[in-house]
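Fold and geometry: a report
Residue strings, one per chain:
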Amino acid sequence: MSSLDAVRDERTPLPGWVAVGVLTLSTFLVVTSEMLPVGVLTPMADGLGVSSGAMGTSLTITGLVSALTAPLVPRLLGNLDRRVVLAVAMVVLAAGNGLTAIAGGFGMLVVSRIVLGIGMGTVWGMAAAVATRLVAPRDIALAVSFAVSGVASASVLGVPLGTFVGNAFGWRTAFGALAALSLLLVPALALTLPRLRRPAATGDEAGAGRRRSLARPAVVSGLVVVVLLVTAHFAAYTYVRPALEELPRMSANAIALSLLLYGVFGLIGNFAAGAAAGRRPRQTVLLLAAGITAALMILALFGTTALVAGLAIALWGAAYGGVSVGGQLWMSAAAPDRVEHVTGLYVGVFTASIALGAFAGGLIVEGAGIVPLLWSTAALALASLVVGPIGRVPSRPQPSKPPTSPDLAHAHHAE
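Anyway, here's the lowdown on the structure attached to this text. (Residues numbered from 1 in each chain as written. Predicted model: local features only at pLDDT ≥ 70, side-chain atom pairs only at ≥ 80, totals over all residues. Heavy atoms only, no water.)

1. Remarks on the overall build of the protein chain
Scanning the protein chain for helices and strands turns up 18 helices and 0 strands. The buried share of the protein chain, taken over its 415 residues, is 54%. Counted over contacts in the protein chain with a minimum sequence separation of 6, partners at least 24 positions apart contribute 86%. (Helix = DSSP H or I, 4+ residues; strand = E, 2+ residues; numbered from the N terminus. Buried < 20%, exposed > 50% of the residue type's maximum accessible area, 1.4 Å probe, protein only. Contact = heavy atoms within 4.5 Å.)

2. Quick look at a nonpolar patch on the surface
On the surface, a nonpolar cluster with roughly 520 Å² of combined accessible area is contributed by Leu257, Leu260, Leu261, Val264, Phe265 and Ile268. Within the element layout of this structure, Phe265 appears in helix H12 (residues 252-277). Exposure remark for Phe265: the relative accessible area of 32% places this residue in the partly exposed category. (Patch = residues over 30% accessible without salt bridge, like charges linked within 9 Å, V, L, I, M, F, W, Y side chains within 5 Å. Areas by Shrake-Rupley, 256 points an atom, 1.4 Å probe, with all protein chains shown as cover. Salt bridge = Lys/Arg side-chain N within 4 Å of Asp/Glu carboxyl O.)

3. With respect to the packing of helix H7 (residues 140-169) against helix H15 (residues 323-334)
Between H7 and H15, the least distance of the axes is 9 Å, while the angle of their chain directions is 135 degrees. Classified by the angle between their axes, H7 and H15 sit oblique to one another. Considering how the two elements wind past one another, H7 and H15 form a crossing that is right-handed. Between H7 and H15, the residues in contact are Ala141, Val144, Ser145 and Val148 and Ser324, Val325, Gln328 and Leu329, respectively. A breakdown of the residues in the contact of H7 with H15 according to their chemical character gives 5 nonpolar, 3 polar and no charged. (Axes fitted to C-alpha atoms, helices over the stretch in contact; angles between N-to-C directions. Parallel < 35°, antiparallel > 145°, perpendicular 65-115°, else oblique. Left-handed = near helix turned anticlockwise from the far one by under 90°. Nonpolar A, V, L, I, M, F, W, Y, C, P; charged D, E, K, R; others polar.)

4. So, the environment of Leu25
Here Leu25 shows up in helix H2 (residues 14-39). For Leu25, a relative accessible area of 46% gives the class partly exposed. In this structure the C-alpha to C-alpha distance between Leu25 and Ser149, which are 124 residues apart in sequence, comes to 9.2 Å.

5. Notes on the packing of aromatic side chains
Using the criterion set out here, one finds 9 aromatic pairs in the structure. Seen in terms of ring centroids, Phe146 and Phe271 are 5.1 Å apart; in terms of plane orientation they differ by 70 degrees. Their pairing is edge-to-face. Remark: Phe271 occurs in helix H12 and Phe146 occurs in helix H7; sequence separation between them is 125 residues. What makes Phe146 partly exposed here is its relative accessible area of 33%. (Phe/Tyr/Trp six-rings, centres within 6.5 Å; stacked < 30°, edge-to-face > 60°.)

6. Observations regarding unusual backbone geometry
Of note, Arg249 is a non-glycine position whose phi angle comes to about 55 degrees, a positive value. Given the relative accessible area of 68%, Arg249 is considered exposed.

Here is the structure:
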């Protein structure tokens with residue numbers, strides 16, 4: 001057997017998958033913490049004495065802080081142990097949730113959401129890059145899919161569960177519970193992750209003794225695709241309930257079922273796209289973009305029929321559910337020598353696009369209505385198919401370390 005075959009056949013030890021599981025729980029908690037105000041918006045607004053619109057800006061605050069934090073953190077880390085950085089970030093997240101739970105007014109809420117955004121940007125920005133170092137090269141795509149699945153499952157499970165706790169025991173209890181769970185993950189990260197310093201330089205970068213710029217055609221085109229798709233998605237999805245109320249005139253229960261369908265297909269899309277993007281990242285993301293475009297157009301054209309609207313929502317969920325992991329693997333393939341930095345930049349652009357989409361969607365809905373919103377967002381998604389082919393992307397993402405045994409296995413042997 002050749003050395004290349006040996007690398008391909010190398011298996012990830014169990015501790016590696018355990019560490020990936022803890023990372024997945026971490027991304028699940030950070031995104032649940034960010035999005036929970038959606039589920040408890042009215043009682044939070046009443047409790048703090050502010051309008052629902054003002055309360056909604058708390059999501060924008062967190063998204064913008066996270067967008068600044070995610071690309072900045074990798075540049076400041078140097079050779080710090082990534083295990084320690086992630087554990088500290090979970091403490092910061094716990095502090096943000098704790099401050100939210102005890103907030104007496106909007107000013108304290110803003111502070112708490114800023115703190116939470118710092119923790120969120122650090123964890124989400126590093127999770128996928130760290131996951132690639134915990135497994136054998138052949139398992140990288142699956143590990144990234146698991147790490148990123150915490151983002152998708154937060155919408156499907158985290159926010160509904162948090163809303164249930166908030167309805168039963170009060171919104172402050174829900175955020176207090178998130179703070180406690182965040183603290184529980186601190187020792188879990190410290191115990192399951194190995195010591196992880198700065199990733200080793202690879203290939204030409206090591207020989208040249210310097211790092212290549214991230215301003216590469218494949219990186220830039222990928223980020224533009226992400227901006228277009230995520231902005232289009234959140235502009236439309238923020239107002240999916242009014243759309244389903246206006247077009248097919250669904251009842252509240254039917255809408256809840258449709259959103260559950262969206263979430264289930266979103267999780268399926270996450271893992272299906274991860275498997276496909278492991279070999280062809282750009283083609284996978286562009287296929288997802290076509291799916292999002294089709295779903296929005298179907299909803300705009302034929303959404304007055306409940307069955308068709310439900311099918312469009314399922315297609316939308318499956319397509320968008322794979323965007324996060326597909327985009328991450330695209331970035332890893334386009335800049336394999338700077339995975340941490342390109343991942344931080346990617347998450348920063350992603351979270352900024354969430355804020356932009358929610359803002360733009362509100363302007364279009366107020367000025368033109370639901371159907372023009374759907375057509376506008378479909379046009380944005382379609383534009384990504386024009387931008388996407390620019391720049392060469394390797395057909396298979398490469399690991400950010402030499403293709404030998406996983407860092408985790410080395411660490412456990414050393415300790």
